[in-house]
Amino acid sequence: MTHVPISTPVCALGLMAKAPLAGEVKTRLVPPLTPAEAAQLNICFLRDMAANIETVSETAAASGLVVYTPAGAESAFDRVLPTGFKLLVQRGTSLGERLCNATDDLLRQGHSAVCLINSDSPTLPQSFLIRALELLAAGGDRVVLGAAEDGGYYLIGLKHAHKHLFDGIAWSTPDVLARTKQRAAEIGLPVAMLPAWYDVDDAETLNRLCDDLFFGTPSDGAYPAPHTRAFLESVIKAEGLARICPKVSGRQTT
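My aim in this report is to walk through the structure given alongside it, one point at a time. What you see is a predicted model; the values in this text were computed from it and never measured.

Calculation criteria
Residues numbered from 1 in each chain as written. Predicted model: local features only at pLDDT ≥ 70, side-chain atom pairs only at ≥ 80, totals over all residues. Heavy atoms only, no water. Disulfide = S-S within 2.5 Å. Buried < 20%, exposed > 50% of the residue type's maximum accessible area, 1.4 Å probe, protein only. Helix = DSSP H or I, 4+ residues; strand = E, 2+ residues; numbered from the N terminus. Polar contact = N/O pair within 3.5 Å; in protein donor to acceptor, adjacent residues only side chain to side chain. Salt bridge = Lys/Arg side-chain N within 4 Å of Asp/Glu carboxyl O. Arc of directions from axis to C-beta. Axes fitted to C-alpha atoms, helices over the stretch in contact; angles between N-to-C directions. Parallel < 35°, antiparallel > 145°, perpendicular 65-115°, else oblique. Contact = heavy atoms within 4.5 Å. Nonpolar A, V, L, I, M, F, W, Y, C, P; charged D, E, K, R; others polar.

The subject of this paragraph is the state of the cysteines. A full pass over the atoms with the stated rule returns 1 disulfide. Between cysteine 100, a free cysteine, and cysteine 115, which holds the nearest cysteine sulfur, the sulfur-to-sulfur gap is 15 Å. For the unlinked cysteine cysteine 115, the closest cysteine sulfur is that of cysteine 11, found at 4.1 Å. Classification of cysteine 115 as buried rests on a relative accessible area of 0%.

Have a look at this one:
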């Protein structure tokens, strides 16, 4: 999987991801998961989110890829991504640099716009991705932001690599979204918002994911995330629901 210039301008839908290696990913889920289980869950997240993007791309002017780190870890994505998905290595030290550089790299390849998406939201509704594409296809410049419930964002969409949006942001804090909107206002860049969604990065949000997947109370429009569901179900059947989701233990999976 290599990146090459595209022949038809389309929006890039890029998953920002670490190579899914035990001990390197989803460390805040250890416990209740083991490092190996956390890495396997991360693979399932990637498979589900890539499949979600692939489905959207079949009916929209979009193409899917993974923007990954570290360099040299390409083989970790073998047999994880759909055929046709590309890889682009992240460049930069801070998250802001990596987001800005990825946007610039993809625009230079000939994409009409870029959406960078976290890889921690396996149930992200397809309708949110479609709406992001619609907003970026409309005339005029803007930034599209998908609000994460922890105060950050799960998606940022751009037509130009506006470096100012990423400067001076304290990443992994509850102020990321607010500060990004402030940066946009400072350069007169309109902001278009998508509905809020959640990342799965700790025990609390893992409990919520189990609710969404197993107990008939999914958030509106949630993607079914079949790979993630199957993996979690295998752990639950072997060791019980309390093993990974103690707050919803005592209920029966559907």
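Within the fold, aspartate 167 resides in the loop between strand 6 (153-158) and helix 4 (176-186). The spatial distance from the C-alpha of aspartate 167 to the C-alpha of phenylalanine 45 is 29 Å, given a sequence separation of 122 residues. Side chain to side chain, aspartate 167 and lysine 163 meet in a polar contact 3.1 Å long.

Let us look at the pattern of salt bridges. Pairs can form between side chains of opposite charge once their charged atoms are near each other. Following the criterion strictly, the structure yields 12 salt bridges and no others. Residues aspartate 201 and arginine 28 are paired through a salt bridge, measuring 3.6 Å at the closest nitrogen-oxygen approach. A residue pair is termed long-range when its members are at least 10 positions apart, and aspartate 201 in the loop between strand 7 (191-197) and helix 5 (203-214) and arginine 28 in the loop between strand 1 (11-18) and helix 1 (35-57) qualify at 173 residues. When salt bridges that share partners are traced, they join Arg28, Asp201 and Asp202 into one network.

Those residues of helix 4 that sit buried are Val176, Leu177, Thr180, Arg183 and Ala184. When helix 4 is viewed along its axis, its buried side chains cluster within an angular range of 120 degrees and face the same direction.

What follows covers the packing of helix 1 against helix 6 (residues 226-239). What describes two packed helices is the angle between their axes and the distance between those same axes. Axis separation between helix 1 and helix 6 bottoms out at 7 Å; the angle between their running directions is 150 degrees. The angle between helix 1 and helix 6 falls in the class roughly antiparallel. When helix 1 is examined against helix 6, the residues Glu37, Gln40, Leu41, Cys44, Phe45, Arg47 and Asp48 are found in contact with a partner set consisting of Pro226, His227, Thr228, Phe231, Leu232, Val235 and Glu239. Among the residues making up the contact of helix 1 with helix 6, the classes are represented as 7 nonpolar, 3 polar and 4 charged.

This part takes up unusual backbone geometry. Look at the link from valine 30 to proline 31: it is a cis peptide, with omega at -15 degrees. Relative to the elements of secondary structure, proline 31 occurs in the loop between strand 1 and helix 1. Omega for the peptide link from proline 31 to proline 32 comes to 15 degrees, which places this bond in the cis form. Inspection of the secondary structure assignment puts proline 32 in the loop between strand 1 and helix 1. A positive phi angle is found at lysine 26, which is not glycine, with a value near 50 degrees. In this fold, lysine 26 is placed in the loop between strand 1 and helix 1. The phi dihedral of serine 172 falls on the positive side, at around 65 degrees, and the residue is not glycine. Within the secondary structure layout, serine 172 lies in the loop between strand 6 and helix 4. The exposure class of serine 172 is exposed, given its relative accessible area of 79%.

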